[in-house]
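Understanding the architecture of this molecule
The primary structure of each chain is shown beneath.
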Amino acid sequence: MEYPLSLHRSRRLRGTPTLRGMVRETALSISDFIDPLFVITGAGRDRRPISTMPGVAQLTVEALREEAGRIAALGIPAVMLFGLPESKDEKASGAYADDGIIQLAVRALKADNPDLLVFTDVCLCEYMSHGHCGIVEGDRILNDPSLDLLARTAVSHAAAGADVVAPSDMMDGRVAAIRHALDSQGFSDTPLLSYAVKYASAMYGPFREAADSAPAFGDRRTYQMDPANRREAFKELEQDIAEGADMVMVKPALPYLDIIRDVRERTHLPVAAYNVSGEYAMVKAAAANGWLDERASVLEILTSIKRAGADIILTYHAKDAARWLAER
Ligand code: PBG
Ligand code: ZN
């Protein structure tokens, strides 16, 4: 008995939307998203549009409360807060003030909607007059003295009711310092999401207008990672796990999908990826020019981040993507 050569016909499983749906390997879900938000001081419900990030605005606490209501209504489980303080100084006082902008925002959001998870970005750059993520001496960014301020900041966020604290500064030893401070001050149940693998990326450009956090001199290359390095990502990952991180992040996402995959394969912890401001701005600019289909591009990009291994995706597209996913 002779059989004809059987050709693998992959197209058999692509014939209908229903069949494609059954064999689809990656499912993007609204519950994967964290929506990053920028909080400013001021009374009233002002929204200040951010020119480098169309569709994103800086929000007063009142405007933030409305925005959080919309986010929760869409089924998005969490927000990540960045604060723009009234004034800045050389010791980032606004970062750990009891009536600081983040502390006020967290209290308001948790009172309104206890179920919406509030993550806080723990860093000093927005609160420092020089815009660096640590204490500056001359032209150097000091590591160990910065740890105390970061730990104070994280504790004050937890005390205000933050559900998860997320240090993004890239000082060595900050996870241990923050974990120790939280544990010794009654917050041993507050989880820590570490920006463990954070590269010194050009993709943060638009964010620096959004958060008013551009460094006044130099750049962040003495603390953030060199984009060319892969093994170093494992070193950073292992250190943050050893120091007590509960979840780890890779940032940015799109130029580092390989690193997301690597991190996914090397830890049992949940992995987050940050689809950063520059990645957002590129899509928005192309879409505004009619060069890309925004909806299709965003869903493809977010799916690729999930496929690479991210459990959690921080993205400024969160609300749009949630609407589109709900329609499908
Ligand atoms: C602060 C911080 C930055 C981002 C998140 N936290 C900027 C930076 O490190 O320069 C970038 C987020 C984005 O670009 O969307 N350390
Ligand atoms: Zn910073």
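This text goes with the structure placed above it.
The next thing to look at is empty space enclosed by the protein. Counting across every chain of the model gives two cavities of 30 Å³ or more. As for the largest cavity, its lining consists of 19 residues, of which K198, Y204, F207, S213 and K251 are closest to the centre. Residues belonging to the lining of the largest cavity are distributed by class as follows: nine nonpolar, four polar and six charged. A volume near 60 Å³ is recorded for the second largest cavity. If you go around the second largest cavity, the residues you meet are M170, M171, D172, G173, R174, E236, Q239 and D240. Broken down by element, the residue count for the lining of the second largest cavity peaks at three residues, all from helix α8 (residues 231-243). Of the residues contributing to the lining of the second largest cavity, the split by class is two nonpolar, two polar and four charged.

Another point: helix α11 (residues 294-308). An α-helical turn contains 3.6 residues, so a residue and the one three or four places further along point in the same direction. Across its 15 residues, α11 extends 21 Å between first and last C-alpha, which sits within 8% of the 21 Å expected from 1.5 Å per residue. Regarding α11, the residues found buried are S297, V298, L299, I301, L302, S304, I305 and A308. Here the buried face of α11 lies against β1 (33-40), α9 (257-266), β11 (271-275), α10 (277-288), β12 (312-315) and α12 (318-327). The N-cap residue of α11 is D293: its side-chain oxygen and the backbone nitrogen of R295 are 3.2 Å apart. The positive-phi residue at the C-terminal boundary of α11 is G309, with phi of around 130°.

For the rest of this paragraph, the subject is the coordination of the zinc ion (ligand 2). Taken together, C123 (SG), C125 (SG) and C133 (SG) make up the full set of protein donors to the zinc ion (ligand 2), lying 2.2 to 2.3 Å away. Here the zinc ion (ligand 2) binds four donor atoms, and the angle range of 100 to 120° at the metal identifies the geometry as tetrahedral. Within one chain, the residues donating to the zinc ion (ligand 2) are spaced in sequence as C-x1-C-x7-C. Residue C123 is found in the loop between β5 (117-122) and β6 (135-137), and its partner C133 is found in the loop between β5 and β6; the two are separated by ten residues along the sequence. As far as the burial class goes, C123 and C133 line up, both buried.

Parameters at a glance
- Residues numbered from 1 in each chain as written.
- Chains lettered and ligands numbered in written order.
- Predicted model: local features only at pLDDT ≥ 70, side-chain atom pairs only at ≥ 80, totals over all residues.
- Heavy atoms only, no water.
- 1 Å grid on protein atoms, 1.4 Å probe; cavity = no way out; pocket = protein on both sides within 12 Å on 5 of 7 lines; lining within 4 Å.
- Points joined across faces, edges and corners; volume = space filled by probe spheres on them.
- Nonpolar A, V, L, I, M, F, W, Y, C, P; charged D, E, K, R; others polar.
- Helix = DSSP H or I, 4+ residues; strand = E, 2+ residues; numbered from the N terminus.
- Expected span 1.5 Å × (residues − 1).
- Buried < 20%, exposed > 50% of the residue type's maximum accessible area, 1.4 Å probe, protein only.
- Contact = heavy atoms within 4.5 Å.
- Polar contact = N/O pair within 3.5 Å; in protein donor to acceptor, adjacent residues only side chain to side chain.
- Donors = N, O, S within 2.8 Å, 3.2 Å for Na, K, Ca; no water.
- Tetrahedral: all angles 85-135°; square planar, octahedral: opposite > 155°, others 65-115°.

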